[in-house]
Amino acid sequence: MASKLLRLYQCEDGYCYNSDSLFLYDFARDFIQNMRAKTILDIGAGSGILGLLCARDFQSFVSLVEKDRDYAFLARKNAKSFGDLVEVVCGDIFEFRPARCYDVIISNPPFYRKEILDSQNQKINLARNERFMPLQTLCAHIKRLLSPKGRFIFCYDAKEMHRVLGILQDSKLNAQTLRFVHPRLDKPASLALIEAKINAKGSLKILPPLFTHLSKQQTDITKEVKRIYELCNTYSIKVKSTDLYKGEICE
């Protein structure tokens, strides 16, 4: 049975969610389901895509933390139908001090190296450049927010995995499961999906890779990607940030 359609307002003049978030959600599902997670934190939530999928499919209590005022505004609008199941916090994650710990923390953080050229659009910079949310600082803070047996589930640039695994280990957040995403069978991995736990022991489990396309054509997605899109069942409504606080969008 298909999941209920999730309609999401997004800023067309900012960073919009893409397939990375949908692949991350699909990767996280088994962990959330198997541990029967009751509380979930979505860090850098944007318009709320990851957290709202969790709330829709698992009825878990979800906190969406987003620093950008406009994205937080849209996240609140997108979460309206969920009632008390979802809270939206507009603020810096490093200043977030909740009364609870979370069973699962999920995030699609900014992971482009700080050396890349900035966009003229500051919203895009905040969403893409790692200097605005350094992974080492994030991992140190996550330990304060995660329950002792909780999971940190996130994605990152595959080319940075040597650095990511070291940062996790230094933070006592040991990677337990890893899956690479490739644009095609003949292409290097472009994305890594990671599950980590506090002071976990045991060997790293590397899952079979996810291939997104069969050829250079952007329309020939693989069967697994089609399944993921159908599972997530999202519909994007793009609006200009200058229109957010007036008319229908504000209601």
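Conventions and cut-offs
- Residues numbered from 1 in each chain as written.
- Predicted model: local features only at pLDDT ≥ 70, side-chain atom pairs only at ≥ 80, totals over all residues.
- Heavy atoms only, no water.
- Helix = DSSP H or I, 4+ residues; strand = E, 2+ residues; numbered from the N terminus.
- Buried < 20%, exposed > 50% of the residue type's maximum accessible area, 1.4 Å probe, protein only.
- Contact = heavy atoms within 4.5 Å.
- Areas by Shrake-Rupley, 256 points an atom, 1.4 Å probe, with all protein chains shown as cover.
- 1 Å grid on protein atoms, 1.4 Å probe; cavity = no way out; pocket = protein on both sides within 12 Å on 5 of 7 lines; lining within 4 Å.
- Points joined across faces, edges and corners; volume = space filled by probe spheres on them.
- Nonpolar A, V, L, I, M, F, W, Y, C, P; charged D, E, K, R; others polar.
- Salt bridge = Lys/Arg side-chain N within 4 Å of Asp/Glu carboxyl O.
- Patch = residues over 30% accessible without salt bridge, like charges linked within 9 Å, V, L, I, M, F, W, Y side chains within 5 Å.
- Pairing = 2+ DSSP bridges.

## Remarks on the overall build of the protein chain
In terms of helices and strands, the protein chain carries eight helices and eleven strands. Taking all 251 residues of the protein chain together, 53% fall into the buried category. Within the protein chain, counting contacts between residues at least 6 apart in sequence, those at least 24 apart form 71% of the total. When the accessible surface of the protein chain is totalled, it reaches about 12900 Å², and 51% of it is carbon and sulfur.

## Re the layout of surface pockets
Counted as a void, the second largest pocket has a volume near 270 Å³. What lines the second largest pocket is K4, L5, L6, R7, Y9, R56, K77, N78, S81 and F82. Of all the secondary-structure elements, those providing two or more residues to the lining of the second largest pocket are β1 (6–11) and α3 (69–78). For the lining of the second largest pocket, the element with the highest residue contribution is β1, accounting for three residues. Partitioned by chemical class, the residues of the lining of the second largest pocket number four nonpolar, two polar and four charged.

## Quick notes on the pattern of salt bridges
Applying the stated rule across the entire model yields twelve salt bridges. Of the charged contacts in the structure, one is a salt bridge between D70 and R69, with a shortest N-O distance of 4.0 Å. You can call D70 buried: its relative accessible area is 11%. Owing to a relative accessible area of 55%, R69 belongs among the exposed residues under this scheme. In this structure, the salt-bridge partner of R227 is E224, at a minimum N-O distance of 3.6 Å. Here R227 pairs with E224, and both are found in helix α7 (residues 223–232), just three residues apart, close to one helical turn. Assessed through its relative accessible area of 26%, E224 is described here as partly exposed. Residues joined by salt bridges that share partners form a network here, namely D26, R179, E224 and R227.

## Thoughts on a nonpolar patch on the surface
A surface patch of nonpolar side chains, amounting to about 230 Å² of accessible area, comprises L165, L204 and I206. Residue position: L165 is located in helix α6 (residues 161–170). What makes L165 partly exposed here is its relative accessible area of 31%.

## Topic: the environment of C16
Here C16 shows up in the loop between β1 and α1 (19–34). Along the sequence, C16 and S236 sit 220 residues apart, while their C-alpha atoms lie 9.0 Å from each other. Contact partners of C16, with chain neighbours within four places excluded, come to Q10, C11 and K238.

## A few points about the pairing of strand β5 (residues 102–107)
Regular strands place their side chains on alternate faces of the sheet. With six of its six residues buried, β5 lies for the most part within the structure. Pairing between strand β2 (residues 39–43) and β5: four bridges, direction parallel. The residue of β5 that forms the bridge with L41 is I105. Bridging between β5 and strand β6 (residues 146–157) involves five bridges; their strand directions are parallel. Opposite S107, over in β6, you have F154 as the bridge partner.

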